[in-house]
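Below, each chain spelled out in residue letters.
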Amino acid sequence: MRVIMVSGGKCDITQVEDAIKDGDYIIGIDAGAALLTDNGIKPDLCIGDFDSVDVGLFDGLNVIKLKPEKDEIDTECALIHALDMNPSEILIYGATGSRMDQTLSSIELLRMATEKNVDAFIIDPTNRIRVAVGRTVLRKADAFGKYISILPYAEALTDLTMKGFKYEIENFTLVKGISRCISNEFEADTAVVDCSNYYILMETCD
């Protein structure tokens, strides 16, 4: 089973509609739940503290109302719920936008999925973002966009290797605060990123 999550950030609803397939489990997160229902999409679950929308809009739907005074953001609570379902994949929309604190926090949350061996992606019109560890194989034909960027998740990446790209590196140490691995491009039809530490992998088309 695949999980589609729609959070309350900026979201292209057409992109969500195009992604949904039969059998997907759909989670609307706070204002993201309203976006779904306003566009005729029935979430399987609505979750959030609903500080920005009226929870009464979701009468008749499966709703988990969270307390506003909590340690986690709504997206984290929704992701924990999704991971408990043992999904094959998680796609998260509406997790980026003008609130950079929320955006950065949501990206870092992806590590929870990686630790459970679940592929999870934050997607918006110009980005597909994941947190990975170890070997990741990328195919040019399946790429979200032209550019591939790597950022350390937390600690320095001491053995980062990138093969099949325009700019290749091997056992490179990538520390925070430098832009060495931003905007790389495919050179071969198949490319590989490999590192023993967690890294943020971004595919961008802008």
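Description of the structure in this document. Values in this document were obtained by computation on a predicted structure and should not be read as measured data.

Digging into the pairing of strand β5 (residues 89-93)
And step 1. Among the five residues of β5, four are classified as buried, and the element is accordingly described as predominantly covered.
And step 2. With five bridges joining them, strand β1 (residues 2-6) and β5 adopt parallel strand pairing. Directly across from valine 3, in β5, lies its bridge partner isoleucine 90.
And step 3. As paired strands, β5 and strand β6 (residues 119-124) are joined by five bridges and run parallel to one another. Directly across from glutamate 89, in β6, lies its bridge partner aspartate 119.
And step 4. Between β5 and its parallel partner β6, the chain crosses via helix α4 (residues 100-115), and the hand of that crossover is right-handed.

Describing the pairing of strand β3 (residues 45-48)
And step 1. On β3, burial covers both faces: Leu45 and Ile47 on one face and Cys46 and Gly48 on the other are all buried.
And step 2. In terms of handedness, the path from strand β2 (residues 25-29) via helix α2 (residues 31-38) over to β3 forms a crossover that is right-handed.
And step 3. As judged from the three bridges shared by β3 and strand β4 (residues 63-65), these two strands associate in the parallel manner. Across the sheet, the residue bridging to cysteine 46 is valine 63, located in β4.

About the cut-offs
- Residues numbered from 1 in each chain as written.
- Predicted model: local features only at pLDDT ≥ 70, side-chain atom pairs only at ≥ 80, totals over all residues.
- Heavy atoms only, no water.
- Buried < 20%, exposed > 50% of the residue type's maximum accessible area, 1.4 Å probe, protein only.
- Helix = DSSP H or I, 4+ residues; strand = E, 2+ residues; numbered from the N terminus.
- Pairing = 2+ DSSP bridges.
- Right-handed = clockwise from strand over helix to strand, strands pointing away.

Shape is all these values report; function is a separate question.
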